[in-house]
Amino acid sequence: MAQQTKQKKGMLRLIEIAGTKKWWLIGSMLLSVCAAAAQFTPFIAVYNLLTEFAAHAAEPMLTDKDLIWHWGYVAAAGIVVYGILTYASLMLSHIAAYHILYEIRMKIVRKMARIQLGFFTRRNSGELKKILSEDVERIELFVAHHIPDITAAFVFPILLLGYMFWADWRLASAVLAVFIVAVSFQSMTMTSKKGRSVYEDYQTALGRMNAGIVEFVRGIQVVKIFNRSTKAFELLNKNIDDYRELCMRITRLFTPAYLGFYTVLSSILLVLIPLSVILLQYAPSYPAYVPTVLLFLILGGGVFFPLVKLLYMSNLMMQNTTGVELIDGILNREEIEEPAHPQTPRDASVEFRDVTFSYGSEAVLKGVSFRALPGTVTALVGHSGAGKSTVAMLTARFWDVQSGEICIGGVPVKNIRTEDLMNSVSFVFQDSLLFFDTIEENIRMGNK
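Predicted model, so just to flag it, every value in this text is computed and none were measured.

Colleague: Whenever I open this one, the overall build of the chain confuses me. Can you help?
Modeller: Scanning the chain from terminus to terminus reveals 16 helices and four strands. Across the 448 residues in the chain, those meeting the buried criterion constitute 38%. Residue pairs at least 24 apart in sequence account for 80% of intrachain contacts in the chain once pairs closer than 6 positions are excluded. Counting every atom, the chain has about 26,300 Å² of accessible surface; 64% of that belongs to carbon and sulfur.

Colleague: Mind showing me how you'd approach the packing of aromatic side chains here?
Modeller: Given two aromatic rings, one states the distance between the centres and the angle between the planes to describe the pair. Counted under the stated rule, the structure contains 11 aromatic pairs. On the basis of an interplanar angle of 80° and a centroid distance of 5.2 Å, the ring pair of Phe40 and Tyr163 is categorised as edge-to-face. Taken together, the residues span a long stretch of sequence, with Phe40 in helix 3 (residues 22-55) and Tyr163 in helix 6 (residues 125-167) at a distance of 123 residues. On the numbers, 4.8 Å between centres and 15° between planes, the contact of Phe352 with Phe370 is stacked. Of this pair, Phe352 sits in strand 1 (residues 350-358) while Phe370 sits in strand 2 (residues 363-372); the two residues are 18 residues apart in sequence, bridging distant segments of the chain. Ring-pair connections join several aromatic residues into one group, and the members of that group are Phe40, Phe43, Tyr47, Tyr163 and Trp166.

Colleague: What am I meant to see in the nonpolar core here?
Modeller: In globular proteins that are soluble, nonpolar side chains generally tend to be buried together. Grouped together as the largest cluster of nonpolar side chains are 26 residues, with contacts concentrated most on Leu160, Met164, Leu171, Val175, Leu272, Tyr289 and Phe296. Elements with a contribution of two residues or more to this core: helix 3, helix 6, helix 7 (169-190), helix 10 (229-266), helix 11 (268-281) and helix 12 (286-302). What Phe296 contacts, discounting residues up to four positions off in sequence, is Met164, Ala167, Asp168, Leu171, Ala172, Val175 and Leu272. Counting residues in hydrophobic clusters, the runner-up holds 24 residues, among them Ile100, Met112, Ile115 and Leu128.

Cut-offs and rules
- Residues numbered from 1 in each chain as written.
- Predicted model: local features only at pLDDT ≥ 70, side-chain atom pairs only at ≥ 80, totals over all residues.
- Heavy atoms only, no water.
- Helix = DSSP H or I, 4+ residues; strand = E, 2+ residues; numbered from the N terminus.
- Buried < 20%, exposed > 50% of the residue type's maximum accessible area, 1.4 Å probe, protein only.
- Contact = heavy atoms within 4.5 Å.
- Areas by Shrake-Rupley, 256 points an atom, 1.4 Å probe, with all protein chains shown as cover.
- Phe/Tyr/Trp six-rings, centres within 6.5 Å; stacked < 30°, edge-to-face > 60°.
- Core = buried A, V, L, I, M, F, W, Y, C linked by side-chain atoms within 4.5 Å.

Put into structure tokens, the structure is as follows:
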């Protein structure tokens, strides 16, 4: 229990997961920083070209052609280096991501083999499929794309703003002010408890819809045989409608923040143009200041492209953190405690000794005691929900009882190895499952 209390959550948990391949990711981040610097090179070239053209605006023939070619080559080289470094960065992050995905899926599968079978009777296949497939796959997006992209999205605006402040602190201050207002809109919903809660509801609704689709497709033969297709479709349709309504709720919740964010980003020129006109009027040299104004008009919008990428990634991050919690919900479950000194049942008798068990707050079985002897038939009779299936599943140790004791062949089930217990108990479930293989292989599944 102490381990669960100390379990990291949210972004810290994602970083912890990614940290298992930290050297790959550190290399990816360093390359991403270098790529951001290379991406910035053409802007420096453009500024120097504008300065040269402005200096000889009256006499264009005096323009230094060698300087023009020099900065043209610098800009082209920057673009090529940016492409190479970005490719290398993504290669490292993808290698790390696929290793992490493999390890997480193997951990989940091994964990599922060691936890009590009762866990699976309380979960539908669609929910588990979503965790193993979609929620794990989103971690690949975080590791392979978000980490290098977030690095570049932070580094590039810093370089750009730093260069702007070097060129003119007044225009740069105006850009920074718009930057701060846009970020405040972006974080308005992302950091709220309501935003977090609605994404948790989204994950639940998505899992329920996936489960409904899987069960509808798997059970379509039974549904058709008993002419229950309309009823089954109504249930599936309800799950889909619930998911749609939740998506609409998320849209309504995030719309004000999105509108504010994009409106502020679009209005940068409404701030820069009037301020530039004013500064041009008081500039010591009109031709010398024109390149600075043109630079800000060019870069003013470019500084916000990384913000748009961060906005997109922040939505995925919220889905990621919720999905990781579902993954941890499996990985942190208590495993079946194997006996230190296993015993072997002497016969096939089953005995309940004052057994009490509950799934939640209300007890399903209260002080149940009986003995089923070998070579006899023992029937459990009762209304639906009386606990008949629970008795059968407790015998196979799908769960551990709260009080009392269950024995097979005079040995408490907790003192029998899980493998021996599974070999001692035969199951005929209410819902049967056949693997996509031959009848022979399905029969041999339990005993080659």
